[in-house]
Each structure stands twice: as C-alpha cells, then as structure tokens.
Amino acid sequence: MGTRKLHFENPKQLTQLYCSREENLRMIESHLSVRIVTRDGWLQVDGEEEAIEKVEAIMVLLQDARSQGLKIRNPDFKNVLEGVVAGREEELRALFDESCVIQTRRSTIVPKTLGQKKYLQSIFENDIVFGIGPAGTGKTYLAMAAAVAKLLDGSIKRLILSRPAVEAGETLGFLPGDLQEKILPYLRPLYDALYDMIDRDDVAKLIEKGVIEIAPLAYMRGRTLSDSFIILDEAQNTTPEQMMMFLTRLGNESKMVITGDITQIDIPRSKTSGLLEIRKILKSLKGISFHEFGASDVVRHHLVQKIVEAYDAYRNPSDS
C-alpha cells in the first residue's frame, strides 16, 4: 500500500478534470480499489502502487485534453477512466499527443470534445467520412473548417458545399423569387459557417471565381469532382439513388464529408433515407469512415444536450 499526492495549478483546474462531480472520484475508487481525498488543488490517492499509477495516468490524460482546448464532459471522463482500467492508456495518449488546431482567416478552431477530435482526425486520414449525429455536435462546422483550411493552404483547388433541397410543405415552384432566391434558405447554414471562417467579401470573390461552390444536391449530377473538398450536409434527406449519385462524383485528389442526423429525416416515409442505407452498404470498405456523434458531443447551450439525451431515452427505453 502507498500514498501519493497529485498537485494541480488551482482547485478549479482540478475540479474541471472530473467534471465537478464527486461521484466521478468515487467511480475511480470503485474501479481501482483506491481511496481519494481532494481539496485546495491537490488530490491524494491511497492504495496499491499499480492502482495509484493508473489514477495518475487518468488525471494526466485529462489534463492533456484540457490543455488542447477540449472541455471534459462526463462521458469523456468515463471513457478515459475505462480506457486506462482496460489497459488502453497508450491509445488514449496517442489521441491527445497530436494537437488538432485548424487555422482559418477569421478564427482558430479546436475540437471541444473527444468525439469531435476523433472526427477531425478521421477526416484528415480518410477520403470519405460520414459524420452522423444530433444537432449541435459540430459535424458540419468542423468539416467546413477542415475544408477551408485545406483550401487556404493550397491542398485543394475547390470547395464544394451541397444540401438536398427538401421542401418544407411548399413546392419550390410556388415560392417567390428566381431560382437562386428559392434555394438560398436551404443553403443558408453553409453560408453562415463560411462567414465565420472567411470574410464575406472574400467569400463572394471565391464564389464568383468558382473556387467555392454552394449548390443543391441535384446540381452534382453528371460531374466528376477532382482536386476538391466536397461536403454534403443534411444527408439524411437523400434518397438511396441520390446518395449513390453523390458518392460516385468523387474524383482524384478529392475528399468527401457527408453529414446528417438520422433522427431528423424529412423525406416522405415511403422513401428510404440514403444515409440510413449507406451505413449497411459501405461500413467495412477501407478508406471510408463512419463517425457517430452522441449527446456528449453537443456543444451548444447545455439544455440542447439534455434535450438530445431525453429524446434518446424516450426512443430507446430499453437502454435506460
């Protein structure tokens, strides 16, 4: 048996590591058969030496995550704890050792959760990535940030952003204005994300030159998109035929990111969602990655995370 006291910069930094939840410290005690006392920015651990080493490894990993701008959430804490207990410390350390910072003209963007960081790493490592999860998890925003960074450093020549123009109770033909005005509401979220990263005037110039293209999914038909970063947003509203058409547009030296929320399907119930189907078809294909976001990755108002969790519990009562 032994004792070790771990010191931190201040009490606030320490409590952030275990999400200000005493039950998380009790969870460590239960998993590793140790006794933990904490106050005034230090944490004392009593137990077997090997168990103490694991507690220190957990706190160091969480500190590394915080130093990279990640906000530790309760599921993140549990993932680190269970990973260290299961002997996956090196795997977790590799995740934190490599910083993931994206610099655009207007902002510096860092992932806020472990899920977001894995997603970005997956985008950098694969040619086609599917980001699937609820609203507020950053799946489209982070894909946009990666695409803008690659455009600015010259890695790609074009940035192509697309959405299926699903009609919300009205047909496009009866909406006022010309075609551009009719489709703008569907594409507005993509413009908003772009304006966060590039000045509006520069966005307009790049669109005019064809370097940035924002268009409905139907405009992708018959094309081969090379030297490009292509993002398809709201992909849960594609049909299987549209999804196949889009994926087969991939050309040389290009990347695709397809994002969607399978709980927000707006196409008629008589039609199958292309995003739901494609997971079954391509799940084992090398070079293609599927990343699933959960409620713990929601980075909007804290109530958004609670709303997502409440819906999950309602739809999946057997999991609670």
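Please refer to the structure higher up on the page.
The structure displayed is predicted, hence computed values, not measured ones. (Residues numbered from 1 in each chain as written. Predicted model: local features only at pLDDT ≥ 70, side-chain atom pairs only at ≥ 80, totals over all residues. Heavy atoms only, no water.)

J.: Any chance you could break down the nonpolar core for me, citing the residues and the numbers?
T.: Counting 36 residues, the largest nonpolar core has Ile-123, Met-144, Leu-159, Leu-194 and Phe-229 as the members making the most contacts within it. For this core, the secondary structure elements donating two or more residues are α6 (114-125), α7 (139-152), β7 (158-163), α8 (179-197), α9 (200-209), β8 (212-216) and β9 (228-232). The element that contributes the greatest number of residues to this core is α7, accounting for nine residues. Among all residues touching Leu-194, those that are not within four sequence positions of it are Met-144, Val-148, Leu-159, Leu-161, Val-203, Ile-212 and Ile-214. (Core = buried A, V, L, I, M, F, W, Y, C linked by side-chain atoms within 4.5 Å. Buried < 20%, exposed > 50% of the residue type's maximum accessible area, 1.4 Å probe, protein only. Helix = DSSP H or I, 4+ residues; strand = E, 2+ residues; numbered from the N terminus. Contact = heavy atoms within 4.5 Å.)

J.: Tell me about helix α4 (residues 74-85), residues and numbers included.
T.: For α4, built from 12 residues, the straight-helix expectation of 16 Å at 1.5 Å per residue is met to within 8% by its first-to-last C-alpha distance of 17 Å. Buried residues of α4: Asn-74, Asp-76, Phe-77, Val-80, Leu-81, Gly-83 and Val-84, and no others. Taken together, the buried residues of α4 touch α1 (11-17), α2 (22-32), α3 (49-67), α5 (89-97) and α6. The positive-phi residue at the C-terminal boundary of α4 is Gly-87, with phi of around 85°. (Expected span 1.5 Å × (residues − 1).)

J.: Explain a nonpolar patch on the surface to me, using residue names and the numbers behind them.
T.: There is a patch of nonpolar side chains on the surface, built from Leu-303, Ile-307 and Tyr-311 and spanning about 310 Å² of accessible area. Turning to its location among the elements, Tyr-311 is positioned in helix α12 (residues 302-315). (Patch = residues over 30% accessible without salt bridge, like charges linked within 9 Å, V, L, I, M, F, W, Y side chains within 5 Å. Areas by Shrake-Rupley, 256 points an atom, 1.4 Å probe, with all protein chains shown as cover. Salt bridge = Lys/Arg side-chain N within 4 Å of Asp/Glu carboxyl O.)

J.: Hey, could you go over the environment of Gln-236 for me, with residue numbers and the actual values?
T.: Turning to its location among the elements, Gln-236 is positioned in the loop between β9 and α10 (240-247). For Gln-236, a relative accessible area of 1% gives the class buried. Placed 29 residues apart in sequence, Gln-236 and Ile-265 show a C-alpha to C-alpha distance of 5.6 Å. Apart from residues lying up to four places away in sequence, Gln-236 is in contact with Thr-259, Gly-260, Asp-261, Ile-262, Gln-264, Ile-265, Ile-267, Ser-273 and Leu-275. Of note is the side chain of Gln-236, whose polar atom sits 2.6 Å from the side chain of Glu-234. A polar side-chain atom of Gln-236 sits 3.2 Å from the main-chain carbonyl oxygen of Gln-264. (Polar contact = N/O pair within 3.5 Å; in protein donor to acceptor, adjacent residues only side chain to side chain.)

J.: Run through the packing of aromatic side chains, naming residues and quoting values.
T.: Taken as a whole and assessed by the stated rule, the structure comprises three aromatic pairs. Here the aromatic rings of Phe-130 and Phe-290 are separated by 4.4 Å at their centres, their planes lie at 5°, and the arrangement is stacked. Within this pair, whereas Phe-130 is found in strand β6 (residues 128-132), its partner Phe-290 is found in strand β11 (residues 288-292), the two being separated by 160 residues in sequence. With a relative accessible area of 0%, Phe-130 lands in the buried category. It is Lys-5 that lies over the ring of Trp-42; its NZ or CZ is 4.1 Å from the centre. The ring of Tyr-195 has Arg-200 sitting right over it, with the charged end atom 4.0 Å from the ring centre. (Phe/Tyr/Trp six-rings, centres within 6.5 Å; stacked < 30°, edge-to-face > 60°. Lys NZ or Arg CZ within 6 Å of the ring centre and 35° of its normal.)

J.: Describe the sheet that holds β6, listing the residues and the values that go with them.
T.: To summarise the sheet geometry, strands pair through backbone hydrogen bonds and adopt either a parallel or an antiparallel arrangement. The six strands are arranged β8-β7-β9-β10-β6-β11 in an open sheet whose pairing can be described as parallel. Looking at the sheet topology across the chains shown, the edges are occupied by β8 and β11. Across this sheet, the average inter-strand angle for adjacent strands is 15°, counted without regard to direction. Bridge count for β6 against strand β10 (residues 255-260) is five bridges, and the pairing is parallel. Counted as the bridge partner of Gly-131 is Thr-259 from β10. Across the sheet, α6 touches β6, β9, β10 and β11, and the angle it forms with β10 is around 145°. (Pairing = 2+ DSSP bridges. Axes fitted to C-alpha atoms, helices over the stretch in contact; angles between N-to-C directions.)

J.: Break down α6 for me, with residues and values.
T.: For α6, built from 12 residues, the straight-helix expectation of 16 Å at 1.5 Å per residue is met to within 8% by its first-to-last C-alpha distance of 16 Å. With respect to burial, α6 is a largely interior element, nine of its 12 residues being buried. Of the positions making up α6, those classed as buried are Leu-114, Gly-115, Gln-116, Lys-117, Tyr-119, Leu-120, Gln-121, Ser-122 and Ile-123.

J.: Break down the pattern of salt bridges for me, with residues and values.
T.: In total, this model carries 12 salt bridges according to the counting rule given. Here Arg-35 ties to Asp-46 by a salt bridge, and the two come within 4.0 Å at their closest N and O atoms. Residue Arg-35 is located in strand β2 (residues 35-39), and its partner Asp-46 is located in strand β3 (residues 42-47); the two are separated by 11 residues in the primary sequence. Looking at Arg-35, the relative accessible area reads 52%, which means it is exposed. For Asp-46, a relative accessible area of 18% gives the class buried. Here the salt bridges share partners, and the residues they tie into one network are Arg-4, Glu-49, Glu-53 and Glu-56.

Just geometry here; none of it tells us what the structure is for.
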